[in-house]
Amino acid sequence: MAEYAASIEIAAAPGRVFDYLVTEDGMTAWMGQRATLAPQGGGQFAVDIAGYAIRGRYLHVERPHRVVVSWGVAASLDLPPDASTVEFRLTATARGTRVDLVHSGLPDTEIDGHADGWTHFLPRLQTVATGGDPGPDHWRPIDDRDPTRRTHPGAPQ
């Protein structure tokens, strides 16, 4: 299993950034088209991103410092719901908040695609948390941009 880690500095207080991880309107402002969230231990984490149904649970919610969710793709054999874990650690800094993201438990075949996604979505979080508009989200997974790489059964065609 592989792990992807990234950090980003956001010029906003941790509480403001935290809200974008635990509210449906907040989440879909930077990632996904629809979300159903129940941000407490064991609560539902469901976000639809570019035609993919991301499904999991909130494993840890500590306002405003930490959010951990299980993560997987409905109907995926490689990364089914709850198969991996995404942790967001929010640390107050002189400039605002440092967000450290660790996505662990990824199959080796999934690391490139998830790195591509997080590289796209974290700057969108930065934009919305500072009051900006990231604009329409036209991102598509690598598998959808290059059908020769398609690894997910049931991936949107």
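Here we summarise the structure given alongside this text. Computed from a prediction, not measured in an experiment: that's the story for all the values here. (Residues numbered from 1 in each chain as written. Predicted model: local features only at pLDDT ≥ 70, side-chain atom pairs only at ≥ 80, totals over all residues. Heavy atoms only, no water.)

### A word on the pairing of strand 5 (residues 66-71)
With five of six residues buried, strand 5 is to be regarded as a mostly interior element. In this sheet, strand 5 lies alongside strand 4 (residues 52-62) in antiparallel orientation, the contact comprising four bridges. Residue pairing in the sheet places Tyr58 in a bridge with Val69 of strand 5. Here strand 4 folds back onto strand 5, and the loop between the two strands holds three residues. (Buried < 20%, exposed > 50% of the residue type's maximum accessible area, 1.4 Å probe, protein only. Helix = DSSP H or I, 4+ residues; strand = E, 2+ residues; numbered from the N terminus. Pairing = 2+ DSSP bridges.)

### What about the packing of aromatic side chains?
A complete count under the given rule lists six aromatic pairs for this structure. Here the aromatic rings of Phe45 and Trp71 are separated by 6.0 Å at their centres, their planes lie at 35°, and the arrangement is tilted. Here the residue Phe45 occupies a position in strand 3 (residues 44-49), and Trp71 occupies one in strand 5, the gap between them amounting to 26 residues. Here the aromatic rings of Trp71 and Trp118 are separated by 5.3 Å at their centres, their planes lie at 45°, and the arrangement is tilted. You can see Trp71 sitting in strand 5 and its partner Trp118 sitting in helix 3 (residues 111-129), a full 47 residues away along the chain. Grouped by ring-pair contacts, the aromatic residues Trp30, Phe45, Tyr58, Trp71, Phe88 and Trp118 constitute a single cluster. (Phe/Tyr/Trp six-rings, centres within 6.5 Å; stacked < 30°, edge-to-face > 60°.)

Everything listed here is a matter of coordinates, which is why it stays silent on function.
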